[in-house]
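The chain contents come next:
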Amino acid sequence: MSKVHVKLKINDQEMEGLCEPRTLLVHFLRENLSLTGTHIGCETTHCGACTVDLNGKSVKSCTMLAVQAQGANVTTIEGMANADGTMGALQEGFRQMHGLQCGYCTPGMIVRAHRLLQENPNPTEEEIRFGIAGNLCRCTGYQNIVKAIQHAAAKLRGEEFLEAAE
Amino acid sequence: MIPGTFDYFRPRSVAEATKFLHKSKNASVLAGGHSLLPMMKLRVAAPSALVDLAGIAALRGIKKVGGNIVIGAMTTQHEVLASALIAKHVPLLHEAAQLIADPQVRYVGTLGGNVANGDPGNDMPAVMMALDATYKITGPTKRRAVKARVFYKGLYETALKSGEIVTAIEIPVPGKHGFAYEKLKRKIGDYATAGAAVVLTMKAGKVSACAIALTNLGATPLLADAAAKALVGQAPDDKAIGAAVAAARAIMDPANDTRGTPEYRKSVGGIYVERAIRCAIAAAAG
């Protein structure tokens, strides 16, 4: 099977690699480009651990071929920190609100929440829960994930989030 | 888990796509891929080639043409949810799209893929049947149009012939109407255990027009014609609604799978038909 040359922009950097048409985007990111922050969870489009941002949309990279992402603008968890290397608002929110325990779902949660806050900077709790319905966490019970996203949303709006973690 | 090997082709036009599909033995159309790729990973589907429609701009977009809303086949569920035209003219599509999968899947999954896939678990086919939508189809030599109500032939079997692609969905804008899509699912992201779409019009306290269609209660989506007829001309009291539910149940033939036994699914199927009818009546009266 002949290989395809895939070029895309990831976290503001031009990247490229050779892969078979059947190579999934998540494998291309992790194995060809060594961006292992994006996790492989269920591999069946359910859990959202593999979520990346692609052309302004949250997508499950286990259910997309690398060739489908040809020329795309992709943001992964590696692109979520501030330019100076300090934690971005969502990373800080997850830390302050204890939004993770084992951490396996966290890259997908943060990348998904990033797009959610781009579209809705001041979401209600219900909107957050509906917005992250495609991301499963088996540790936290979601309470502190919701608070982490609220914490980040407040910070990005220049406000302070006054609630404590559960 | 990765798919078997295949050739990948990304045409720039519908003509190029249909030509390739027609001459290739076992090629599949790739729209959003959120039904096809999981099936390929499980090796339930093993196409020799994929024809990716993502590069064909003509297949995208939502517009109003005369008395119809025309939706390009590659329009995503997310775009349907974001559309003011849909909200204004066919809000039933919004109600149904919100119940499909999860945000990530709705960003990528397309309306065309949902209706052309032929999986009875897809939600939009029953909605399109209830709205009496028409699918615009382009083949290697000619174009044609097929009503949603006669498009579905069996499990993963549709009216599509070799080399044909659904390019757009045309929905006649209904007048003042009540509507509902009621779906029982085990969790967010799941296919329906049972689902029902209802579109109806009320006049002077009686149902003057009605269409009812069912999701995942048979090998194909089902148009519950007798159920709708049981309501038309009637004041929608418990007796008339009961007769409609009984008529809908009579055509249900759901699979025995992890979502329940056929008996259970027919039982809840009837309950969801009743809920959808009552919601639509309340909306039509309001």
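What follows covers the sheet that holds strand S13 (residues 206–215) of chain B. All names here are of chain B. The strand order across the open sheet formed by 4 strands is S11-S12-S13-S14, and the pairing between neighbours is antiparallel. With partners counted over all chains shown, the strands left at the sheet margins are strand S11 (178–184) and strand S14 (222–223), one partner each. Pairing between S11 and strand S12 (residues 194–203): 7 bridges, direction antiparallel. Note on S12: the bridge partner recorded for Tyr181 is Ala197. Seen against the sheet, helix H12 (residues 262–285) touches S11, S12 and S13 and runs at an angle of roughly 155° to S11.

A few words now on the domain arrangement of chain B. Residues and elements named next belong to chain B. Looking at the assigned domains, one finds that chain B contains domain 1 (7–51), domain 2 (60–172) and domain 3 (179–285). One C-alpha centre belongs to domain 1, the other to domain 2; they are set 18 Å apart. Listed by partner, the interface residues are 11 residues for domain 1 and 16 residues for domain 2. For the pair domain 1 and domain 2, the summed buried surface comes to about 1,000 Å²; carbon and sulfur atoms form 75% of the total. On the domain 1 side of the interface with domain 2, the three residues burying the most area are Thr18, His22 and His34, jointly 40% of the side's total. Connecting domain 1 to domain 2 are 0 salt bridges.

This part covers the interface of chain B and chain A. Taken together, the contact between chain B and chain A spans 31 residues of the former and 29 residues of the latter. At the junction of chain B with chain A, the criterion picks out 1 salt bridge. With a closest N to O distance of 2.6 Å, Lys60 of chain A and Asp102 of chain B form a salt bridge. At the boundary of chain B and chain A, one finds 9 residue pairs in polar contact (both at pLDDT 80 or more). Contributions of two or more residues to the side of chain B that touches chain A are made by strand S1 (7–9), helix H2 (36–41), strand S3 (49–52) and helix H6 (103–108) of chain B. At 6 residues, H6 of chain B tops the list of elements feeding residues into the side of chain B that touches chain A.

The pLDDT averaged across chain B works out to 97; a share of 100% of its residues lies at or above 70. For this predicted complex, the interface score ipTM comes out at 0.96, while the overall pTM is 0.96.

Residue and element names in this part refer to chain A. Of the two faces of strand S3 (residues 51–54), the one holding Thr51 and Asp53 and the one holding Val52 and Leu54 are both buried throughout. Of the pairings in the sheet, the one linking S3 to strand S4 (residues 57–60) comprises 4 bridges and is antiparallel in character. Within the sheet, the bridge partner assigned to Val52 lies in S4 and is Val59. The antiparallel hairpin formed by S3 and S4 contains 2 residues in its connecting segment, where Asn55 sits at a positive phi of about 50°. Here S3 runs beside strand S5 (residues 73–75); their pairing, made up of 2 bridges, is antiparallel. Each residue of the ladder has a partner; that of Asp53, found in S5, is Thr75.

What follows covers the pattern of salt bridges. Residues and elements named next belong to chain B. The final tally for this structure, using the stated rule, is 21 salt bridges over all chains. The closest approach of N and O atoms between Arg278 and Glu274, which form a salt bridge, is 3.0 Å. In this pair, Arg278 and Glu274 are both assigned in helix H12, 4 residues apart and thus about one turn of the helix distant. Residue Arg278 is classed as partly exposed on the basis of its relative accessible area, which comes to 35%. Residue Glu274 is classed as partly exposed on the basis of its relative accessible area, which comes to 30%.

For an interface, size is often stated in terms of accessible area lost upon the parts coming together. All names here are of chain A. You can read the domains of chain A as domain 1 (4–79) and domain 2 (89–156). Between the C-alpha centres of domain 1 and domain 2 there is a distance of 21 Å. The tally of links between domain 1 and domain 2 comes to 1 salt bridge. Residues Arg115 and Asp53 are paired through a salt bridge, measuring 2.9 Å at the closest nitrogen-oxygen approach. Counting the contacts that link domain 1 with domain 2 gives 8 residue pairs in polar contact (both at pLDDT 80 or more). Sorting the residues of the side of domain 1 that touches domain 2 by element identifies S3 and S4 as the ones contributing at least two each. Across the side of domain 1 that touches domain 2, the residue classes break down as 5 nonpolar, 10 polar and 3 charged.

Turning our attention to empty space enclosed by the protein. Residues and elements named next belong to chain A. A full pass over the atoms with the stated rule returns 1 cavity of 30 Å³ or more. The calculated volume of the largest cavity comes to roughly 40 Å³. Lining the largest cavity, in full, are Ile40, Gly41, Cys42, Glu43, Thr45, His46, Cys47, Gly48, Cys50 and Cys62. Class assignment of the residues belonging to the lining of the largest cavity gives a composition of 5 nonpolar, 4 polar and 1 charged.

Turning our eyes to something else, we now look at the state of the cysteines. Per the counting criterion, the structure on display carries 0 disulfides over all chains. There is no disulfide at Cys42 of chain A, and the cysteine sulfur nearest it, in Cys47 of chain A, is 3.8 Å away. Free of any disulfide, Cys279 of chain B has its nearest neighbouring cysteine sulfur in Cys210 of chain B, separated by 13 Å.

With that settled, the discussion passes to helix H2 (residues 89–96) of chain A. All names here are of chain A. With 6 of 8 residues buried, H2 lies mostly within the body of the structure. Considering only its buried residues, H2 is in contact with helix H3 (106–119) and helix H5 (143–156). After H2 finishes, the residue His98 shows a positive phi value of roughly 50°.

The rules behind the values
Residues numbered from 1 in each chain as written. Chains lettered and ligands numbered in written order. Predicted model: local features only at pLDDT ≥ 70, side-chain atom pairs only at ≥ 80, totals over all residues. Heavy atoms only, no water. Pairing = 2+ DSSP bridges. Helix = DSSP H or I, 4+ residues; strand = E, 2+ residues; numbered from the N terminus. Contact = heavy atoms within 4.5 Å. Axes fitted to C-alpha atoms, helices over the stretch in contact; angles between N-to-C directions. Domains from an automatic or database assignment. Buried area = accessible area lost by both parts, 1.4 Å probe. Salt bridge = Lys/Arg side-chain N within 4 Å of Asp/Glu carboxyl O. Polar contact = N/O pair within 3.5 Å; in protein donor to acceptor, adjacent residues only side chain to side chain. pLDDT = per-residue confidence, 0-100. Buried < 20%, exposed > 50% of the residue type's maximum accessible area, 1.4 Å probe, protein only. Nonpolar A, V, L, I, M, F, W, Y, C, P; charged D, E, K, R; others polar. 1 Å grid on protein atoms, 1.4 Å probe; cavity = no way out; pocket = protein on both sides within 12 Å on 5 of 7 lines; lining within 4 Å. Points joined across faces, edges and corners; volume = space filled by probe spheres on them. Disulfide = S-S within 2.5 Å.

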